[in-house]
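Spelled out from the first residue to the last, the chains are:
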Amino acid sequence: MRGIFLTGPPGSGKTTLVRELASTLESLGCRVEGIVAPEIREGGKRIGFDICALKSLKCWRLARIGCYSKRYVGKYGVCEREAMQAAEHLRNIVSMIDVVVIDEIGPMELKVSTLRSAIVEVLYSSKPIVAVIHRRLRYSHPEVYRIILSIGPILVLTPKRRDAIKREAHTMARVLARAACRGEGGAGTT
């Protein structure tokens, strides 16, 4: 196992759990960084998504209503130029960290070829990864889904199973830390 992947319906707590796992990994001596894709709201309505660095919170626009684009996911135009900058960030951090966090691997992120390539490079790298995957990824991007299946388990987070899945994910994070990080006797320990 080199990865922990979370999926589930909207509002099931995937992003919250990914952030908890990142904190757990850091507390065990891991250098953790990655990207997250928060929704952007204006006047109480969702108008799009950004991609932000997990630690510095530097953000780039991923998609917006009204963003002219050659690529759309539903009503959102994908802001390719800025998403390409996020891809560069992802590529730059991999060699400097122990564990990569991606929230999320989904249709918007995979619409931009350079971001898709960067995500696939991370998946094929030797770095441990903690990520949220879109619940329909298996059907929308089966080639990426197959790579994920080869790396680690996919935990399905639901309101009924939330506590059990959280415990299982934290146990798996401790295993990742021991194998790959500086603390807790991990591979990076000096």
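Definitions and limits used
- Residues numbered from 1 in each chain as written.
- Predicted model: local features only at pLDDT ≥ 70, side-chain atom pairs only at ≥ 80, totals over all residues.
- Heavy atoms only, no water.
- Helix = DSSP H or I, 4+ residues; strand = E, 2+ residues; numbered from the N terminus.
- Rg over C-alpha atoms; globule rule 2.2 N^0.38 Å.
- Contact = heavy atoms within 4.5 Å.
- Phe/Tyr/Trp six-rings, centres within 6.5 Å; stacked < 30°, edge-to-face > 60°.
- Buried < 20%, exposed > 50% of the residue type's maximum accessible area, 1.4 Å probe, protein only.
- Expected span 1.5 Å × (residues − 1).
- Arc of directions from axis to C-beta.
- Core = buried A, V, L, I, M, F, W, Y, C linked by side-chain atoms within 4.5 Å.

**Student:** Any details on the overall build of the chain? Residues and values, ideally.
**Tutor:** Looking only at helices and strands, the chain has seven helices and 10 strands in total. For 190 residues, the compact-globule estimate of 2.2 N^0.38 gives 16 Å, and the chain sits close to it at 16 Å. In terms of principal-axis extent, the alpha carbons of the chain reach across some 50 × 40 × 35 Å. In the chain, of all internal contacts separated by at least 6 residues, the share reaching a separation of at least 24 is 61%.

**Student:** Help me get a handle on the packing of aromatic side chains, residues and values and all.
**Tutor:** Going through the model one piece at a time under the given rule, you end up with one aromatic pair. Ring plane angle 70 degrees and centroid distance 5.5 Å describe the contact between Phe49 and Tyr76, whose orientation is recorded as edge-to-face. Highlighted residues: Phe49 in strand S4 (residues 45-53) and Tyr76 in strand S7 (residues 76-78), separated in sequence by 27 residues. Pair check on accessibility: Phe49 and Tyr76 agree, each one buried.

**Student:** Provide a residue-level description of the environment of Gly74, including the pertinent values.
**Tutor:** With respect to the element layout, Gly74 can be found in the loop between strand S6 (72-73) and S7. Using a relative accessible area of 69% as the deciding quantity, one classes Gly74 as exposed. Spatially, the C-alpha atom of Gly74 lies 9.6 Å from that of Met108, the residues being 34 residues apart in sequence.

**Student:** Can you break down the side chain of His89 residue by residue, with the values?
**Tutor:** Looking at where His89 falls in the secondary structure, it is placed in helix H2 (residues 80-93). Leaving out residues up to four positions away in the same chain, His89 has contacts with Glu33, Gly34, Ile35, Ala53 and Trp60.

**Student:** How would you summarise helix H4 (residues 113-124) if you had to cite specific residues and measurements?
**Tutor:** Compared with the 16 Å implied by 1.5 Å per residue over 12 residues, the 16 Å span of H4 between its first and last C-alpha is a close match. Listed as buried for H4 are Leu115, Ala118, Ile119, Val122 and Leu123. Angularly, the buried residues of H4 cover 140 degrees about the axis, an arc narrow enough to put them on a single face.

**Student:** For the side chain of His170, give the residues involved together with the corresponding values.
**Tutor:** The topology assignment puts His170 in helix H7 (residues 162-180). What makes His170 buried here is its relative accessible area of 15%. Non-local contacts of His170, meaning those with residues more than four positions away in its chain, are made with Leu17, Glu20, Leu21 and Thr24.

**Student:** An account of the nonpolar core is requested, with residue identities and associated values reported.
**Tutor:** Note on soluble globular proteins: their nonpolar side chains tend to be buried together. In terms of nonpolar packing, the biggest core is built from 37 residues, with Leu90, Ile102, Ile105, Leu115 and Leu123 touching the most fellow members. What Leu90 contacts, discounting residues up to four positions off in sequence, is Ile35, Val100, Ile102, Ala118, Ile119 and Val122. Counting residues in each nonpolar core, the second largest holds 27 residues, with Leu157, Ala169, Ala177 and Ala180 among its members.

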